[in-house]
Amino acid sequence: DFSFSAFEADVINSLPEWDAEPGMAACNPYPCGSEGLDLLLASRDWSRSIELLAGYYNRNGYGIYAMYKAFIWESRNGIGRLAGVENPDPIKLSDLIGYEEERSDVINNTLQFLKGYHANNVLLYGDRGTGKSSTVKAILNEYHAKGLRIVEVPKNQLIDFPEIIKQLRDKNQKFIVFVDDLAFEDNEENYTALKAVLEGSLESKPDNVLIYATSNRRHLIKEKFSDRLGFQSDNPEDEIRAADTMQEKLSLADRFGITVVYSSPDKYKYLEIVEGLTERKGIKIDREQLHREALKWELWYNGRSPRTAKQFVDWLEGNMA
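Quick caveat, the model's predicted, so the values are computed rather than measured.

Reading the values: rules and limits
Starting from 1, residues in each chain are numbered consecutively following that chain's sequence as written. Local features are withheld for residues below a pLDDT of 70 in this predicted model, meaning they are given only at 70 or higher, and side-chain atom pairs are given and counted only at 80 or more; totals for whole chains, interfaces and linings count all residues. The basis for every side-chain value is the complete set of non-hydrogen atoms in the structure, without hydrogens or water. Working definition: helices are DSSP H or I runs of at least four residues, strands are E runs of at least two. Numbering for both runs from the N terminus. Contacts: residue pairs with any heavy atoms within 4.5 Å of one another. Each accessible area is a Shrake-Rupley estimate made with a 1.4 Å probe; only the visible protein chains count as cover when residues are assessed. The salt bridge definition used is simple: a Lys or Arg side-chain nitrogen within 4 Å of an Asp or Glu carboxyl oxygen. Think of it in three bands: residues with accessible area under 20% of the maximum for their type are buried, residues over 50% are exposed, and the middle band is partly exposed, with areas taken using a 1.4 Å probe on protein chains only. Here is the rule: rings of Phe, Tyr and Trp (six-membered ring for Trp) pair when centre to centre is within 6.5 Å. Planes less than 30 degrees apart are stacked, more than 60 are edge-to-face, and the remainder are tilted. Think of it as a cone above the ring: NZ of Lys or CZ of Arg counts as a charge over the ring if it is within 6 Å of the ring centre and within 35 degrees of the ring normal. Expected span of a helix, by definition, is 1.5 Å for each gap between consecutive residues, and there is one gap fewer than residues. Within 3.5 Å is the distance limit for a polar contact, defined as a pair of N or O atoms, with the added protein rule that one can donate a hydrogen and the other accept it, and that residues adjacent in sequence qualify only through two side-chain atoms. The definitions used throughout rest on a 1 Å grid laid over the protein atoms alone, on which a cavity is an enclosed set of points accommodating a 1.4 Å probe that cannot get out and a pocket is an open set flanked by protein within 12 Å on both sides along at least five of seven lines; lining residues are those having an atom within 4 Å of a point. Grid points are joined across faces, edges and corners, and a volume is the space filled by probe spheres set on the points. Residues are sorted three ways: Asp, Glu, Lys and Arg are charged, Ala, Val, Leu, Ile, Met, Phe, Trp, Tyr, Cys and Pro are nonpolar, and all the rest, Gly among them, are polar. When we speak of the arc, we mean the arc of directions from the helix axis to the C-beta atoms. We call two strands paired when DSSP finds no fewer than two bridges between them. For every element, the axis is a line fit to its C-alpha atoms; helices are fit only across the contacting stretch, and the angle between N-to-C directions ranges from 0 to 180 degrees.

Here we take up the overall build of the chain. Of the regular secondary structure elements, the chain holds 13 helices and seven strands. Contacts in the chain between residues far apart in sequence, at least 24 positions, make up 75% of those at least 6 positions apart. Total accessible area on the chain stands at roughly 19200 Å², and carbon and sulfur atoms take up 49% of it.

This structure, assessed with the given rule, holds 11 salt bridges. One salt bridge connects Glu 163 with Lys 166, and the closest N-O pair in it is separated by 3.8 Å. Of this pair, Glu 163 and Lys 166 are both found in helix α8 (residues 161-168), three residues apart, which corresponds to roughly one turn of the helix. A relative accessible area of 59% means that Lys 166 is categorised as exposed. Across the pair Lys 310 and Asp 314 runs a salt bridge, and its minimum N-O distance is 3.0 Å. Residue Lys 310 and its partner Asp 314 are located together in helix α13 (residues 306-320), separated by four residues, close to a single helical turn. A single network of salt bridges, built from pairs that share partners, joins Lys 281, Lys 310, Asp 314 and Glu 317.

Attention now moves to the packing of aromatic side chains. Enumeration over the complete set of coordinates arrives at eight aromatic pairs. Measuring from ring centre to ring centre gives 6.2 Å for Tyr 68 and Phe 71, while their planes differ by 75 degrees; the resulting arrangement is edge-to-face. Taken together, the aromatic side chains of Tyr 65, Tyr 68, Phe 71 and Phe 175 make up a single cluster linked through ring pairs. Between Lys 174 and the ring centre of Phe 113, over which it is positioned, the NZ or CZ distance is 5.5 Å.

Phi angles above zero are rare outside glycine, and Tyr 99 is one such case at about 60 degrees. Residue placement: Tyr 99 occurs in the loop between β2 (79-84) and α6 (100-114). Exposure remark for Tyr 99: the relative accessible area of 7% places this residue in the buried category. A positive phi angle, close to 70 degrees, is found at Asp 170, a residue other than glycine. In this structure, Asp 170 sits in the loop between α8 and β5 (174-179).

With 14 residues, helix α12 (residues 287-300) should reach 20 Å at 1.5 Å per residue; the first-to-last C-alpha distance of 20 Å fits that figure. All of the buried residues along α12 are Leu 290, His 291, Glu 293, Ala 294, Trp 297 and Glu 298. Sitting at the head of α12, Asp 286 places a side-chain oxygen 3.2 Å from the backbone nitrogen of Glu 288.

Before going further, it helps to examine the layout of surface pockets. Empty space among the atoms becomes apparent when a probe as large as a water molecule is rolled across them. Volume-wise, the largest pocket comes out at about 710 Å³. Lining the largest pocket are 32 residues, with Ile 91, Leu 96, Ser 134, Arg 307 and Lys 310 positioned closest to its centre. When residues of the lining of the largest pocket are traced back to their parent elements, those giving at least two are α7 (132-143), β6 (209-215), α11 (267-280) and α13. Sorting elements by how many residues they give to the lining of the largest pocket places α13 first, with six residues. Per-class residue counts for the lining of the largest pocket are nine nonpolar, 11 polar and 12 charged.

The end-to-end C-alpha distance of α6 is 20 Å, a good match for the 21 Å that 15 residues give at a rise of 1.5 Å each. For α6, the complete set of buried residues consists of Arg 103, Val 106, Ile 107, Asn 109, Thr 110, Phe 113 and Leu 114. For α6, the angular spread of buried residues about the axis comes to 160 degrees, placing them on one side. In this structure, the buried residues of α6 make contact with β3 (122-126), α7, β4 (148-152), β5, β6 and β7 (258-262). Directly after α6, the chain includes Gly 116, whose backbone phi takes a positive value near 90 degrees.

With that settled, consider the pairing of strand β1 (residues 70-76). One ladder, built from three bridges, connects β1 with β4; its direction is parallel. Each bridged residue has a counterpart across the sheet, and for Phe 71 the counterpart in β4 is Val 151. Relative to β2, β1 runs antiparallel, the two being bridged by six bridges. From the neighbouring strand, Arg 76 faces β2, where its bridge partner is Ile 79. Hairpin connection of β1 to β2: two residues between the antiparallel strands, including Asn 77 at a positive phi of 55 degrees.

This part takes up the sheet that holds β2. Ordered in space as β2-β1-β4-β5-β6-β3-β7, the seven strands form an open sheet in which the pairing is mixed. Looking at strand neighbours, the two that pair on one side only are β2 and β7, the edges of this open sheet. The mean angle between the axes of side-by-side strands here comes to 25 degrees, regardless of whether they run parallel or antiparallel. Strand contacts of α6: β3, β4, β5, β6 and β7, with the helix running at about 150 degrees to β7, the strand carrying the most contacts.

In structure tokens:
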């Protein structure tokens, strides 16, 4: 116990109540260890523990960067800001079954990034429900303790990239700017902003920022047959340099250093995923019956994909219960 003067007691009693938010504890278990915590609690002069505190803030950041591991960029009245995500998706890499080779490319690139080496922007594209977004979210949960943070940017706010980069620059943490379900109309200007950040802007992208995007499309900008009329059209309204327009539309995807393809699984891969999920949930069922019901489900509903497999196993678990 410490004795305080009447003045000190009045000052302490006048301070507002402060409760640490749950997200802070969940994101950053105290890194100094129990001995460091005991030292701070026993000390009346934290200036004597300046090295301990400096190490903590150096590893974990400060303010919202220490409190949250995931953010969403939101814009109101033309003013953008980082909003912390209170309850991010808890999915883990160990929860994902199949596509190990595809995920390894993304994981290795992320680890390279966290170790301070040069790493690439990544485009994950392929069929719906194959786990592209889940891979990115699981990587965050796996490596946030190593300083990884994610900022999700809605497609219609990509024009704010320069402001986002300005806020993230020079922070100790490593940031993945995440753009989900990326695709553009041919008349959109947002893709120009993204293209400039990926490569070609006068201001370089900071070393602590990478861009990970997912898409169901290999070519991110929609192309029409009318775009090709300039090759052979006599209409004066058609573009003369049609080839240049096509190259412009294809160049965005090429600016991602790594492209990972997630294709729909075949019958055997789909059943392998179903078996893995069933085993993980501890569901006891005859293997032939499991396969029969799983194939019925994919015919009735969304086709073969890891998402369909998970939906089936969730239904099976409830139905058997």
